[in-house]
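Chain residues, written in single-letter form:
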Amino acid sequence: MIFSSVAITERKRRTALALNTVLKEEDTIIVYSGTPIQKPGGHDQNYYFLPHPDYFWISGSRRPYGVSAYSKTDGWIDFVLPVTREERIWEGGATVIPGKDLAEFSSWLEKRNAKRVFNLTQESDEVEWLQMKETFSRERRRKDAEEVELVRRLAGIANAGYQKLKTSVRPGISERQIQLDYETAVLYAGSEKFPYDSIVGTGSNSATLHAIPTARIVKEGEHVLIDAGADLHDYCVDITRIFPANGQRSERLKSIYDLVLKAQLESIAMCVPGTSWKEVHLKSARVMAQGLIDLGILKVSVEEAIQNNTISVFFPHGVGHMVGLRVRDVGGPYNPQPKKYAGARLRVDMSLEENHLMTIEPGLYFIEALIHDAETRRTFGDQVNWPEAEKWLDFGGVRIEDDILVTSRGPDNLTSVVEK
Ligand code: GLY
Ligand code: MN
Ligand code: MN
């Protein structure tokens, strides 16, 4: 088992307690693992199976077809598919959690004669469903000690890749080679797979937020932005680091790097229970706006850069997101039309609580598609020193990203093992 039965029992206990405040006697909650998906036209071939994260979290099982059901009268019951003969032959068996045979699920549900059945793994925008889902998600957002331990272990695994890059990033290497060096080291260190496509950008490509590694060669004087993680059982780390081509940060790189680092450290320091997430974002936005004023790139005050969204020309994304079980973890209550703060759309728009796990990833970028964009120029007209901004186009961008556990003892950087 990936998680101990003690941890799973505790997740069920606290989730039940929370659900009891919103459920009626005759209601049933169900959480499905999901069904393997066959490759189109691929005989006998399925895509790699990812259990629904809600199901994996509450049951501890990664098997398809399973159901965890909750009602006030029966508590949590797991219905699991026994290992089939075919599985024993082709895959050598499987890990099955204790529970009732899946075949009993339909008759159990029928007998309950539930007035309302909420399937948490089938998205809905119906008000009562959203209430149940949010009640469950609130518990799932709070990482327990075993989840934290797993994420810390993943940071160590990712660190093998970042250590490798200390020697392999040199002028002459391509983005693609950097990706391969990182991913090989991380797989050797024990990662099962990758939580997202590794991002590698050098030169102006480092300003592309989700840069796909290309054959582009790193040149002397440039730096490389690598945003890459590690993954075990769909738990992950999401980390970004900067590597100067020749191992030394130039004055130019330092001026942006130190600024982004200052923003990151000040935002990290705010990761304690009770802080409103938008304030964490605005902290980074303000620090970086001041830096851009000092560099002669912004021609407004810090508050104007925030109020007018001017900072979003150089910091166009949110400061982070929930992470842990998948790279975008349960990110907050239903928020179909996220508000913008300082020009960035924040899907997470809530107060931080004990044991939330957040990425903190401010970045400053000189993005051609924004700096040369007619609409951006019209909107921000004389608030930006455009000729000055243009001088940085070949520089690209800098992002620094860590995964921070929110605790009342203070922020706990779970990825601090990766040097920055
Ligand atoms: N790795 C993508 C992100 O930072 O969200
Ligand atoms: Mn990232
Ligand atoms: Mn991220």
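Remember, it's a predicted structure, so these values are computed and weren't measured experimentally.

Participant: Explain the packing of aromatic side chains here, please?
Facilitator: Describing an aromatic ring pair means giving the distance of the ring centres and the angle of the ring planes. Using the criterion set out here, one finds 16 aromatic pairs in the structure. The interplanar angle of 45 degrees and the centroid separation of 5.8 Å between the aromatic rings of Phe 3 and Phe 56 together place this pair among those described as tilted. Remark: Phe 56 occurs in helix 2 (residues 53–59) and Phe 3 occurs in the segment before helix 1 (5–20); sequence separation between them is 53 residues. Take Phe 3 and Phe 56: they sit in the same class, and that class is buried. For the ring pair Tyr 70 and Trp 76, a centre distance of 5.2 Å and an interplane angle of 45 degrees mean the geometry is tilted. Accessibility classification places Tyr 70 together with Trp 76 in one group, the buried group. Each residue in the set Tyr 32, Phe 79, Phe 105 and Trp 108 is aromatic and connected to the rest through ring pairs, giving one cluster.

Participant: Looking at this model, I keep getting lost on the confidence of the model for the protein chain. Mind explaining?
Facilitator: Segments scoring low in pLDDT should not have their predicted coordinates read at a detailed level. Looking at the protein chain, pLDDT values average 97 and 100% of them are 70 or higher. The element-level mean pLDDT for the protein chain is lowest in helix 3 (residues 85–90), coming to 90, with strand 14 (residues 402–405) highest at 99.

Participant: Help me out: how do you make sense of the coordination of the manganese ion (ligand 3) in this one?
Facilitator: Around a metal, the ideal angle is 109.5 degrees if four donors adopt a tetrahedral arrangement and 90 or 180 degrees if six donors adopt an octahedral arrangement. Within the protein, Asp 238 (OD), His 321 (NE2), Glu 361 (OE) and Glu 401 (OE) serve as the donor atoms for the manganese ion (ligand 3), at 2.1 to 2.2 Å. The motif formed by the donor residues of the manganese ion (ligand 3), counted along the single chain, is D-x82-H-x39-E-x39-E. Between the manganese ion (ligand 3) and the manganese ion (ligand 2) the interatomic distance amounts to 3.3 Å, and Asp 238 serves as a bridging ligand to the pair. Taken together, the residues span a long stretch of sequence, with Asp 238 in strand 8 (residues 235–244) and Glu 361 in the loop between strand 11 (357–360) and strand 12 (363–365) at a distance of 123 residues. The two residues Asp 238 and Glu 361 agree in class, both being buried.

Participant: Explanation requested: the sheet that holds strand 8 in the structure shown.
Facilitator: Consider a sheet: its strands pair through backbone hydrogen bonds, and that pairing is either parallel or antiparallel. Sheet architecture is open: three strands sit in the order 6-7-8, paired in antiparallel fashion. The strands lining the two open edges of the sheet, one partner per strand, are strand 6 (199–202) and strand 8. If you compare each strand with its neighbour and ignore which way they point, the axes differ by 10 degrees on average. Examined bridge by bridge, strand 6 and strand 7 (residues 223–232) share four bridges and lie antiparallel to one another. Within strand 7, the residue paired with Thr 202 across the bridge is Val 224. Across the sheet, helix 6 (residues 145–168) touches strand 7 and strand 8, and the angle it forms with strand 8 is around 25 degrees. Strands strand 6 and strand 7 of the sheet are contacted by helix 7 (residues 175–188), whose axis makes an angle of about 30 degrees with strand 7.

Rules of the game
Residues numbered from 1 in each chain as written. Chains lettered and ligands numbered in written order. Predicted model: local features only at pLDDT ≥ 70, side-chain atom pairs only at ≥ 80, totals over all residues. Heavy atoms only, no water. Phe/Tyr/Trp six-rings, centres within 6.5 Å; stacked < 30°, edge-to-face > 60°. Helix = DSSP H or I, 4+ residues; strand = E, 2+ residues; numbered from the N terminus. Buried < 20%, exposed > 50% of the residue type's maximum accessible area, 1.4 Å probe, protein only. pLDDT = per-residue confidence, 0-100. Donors = N, O, S within 2.8 Å, 3.2 Å for Na, K, Ca; no water. Pairing = 2+ DSSP bridges. Axes fitted to C-alpha atoms, helices over the stretch in contact; angles between N-to-C directions. Contact = heavy atoms within 4.5 Å.

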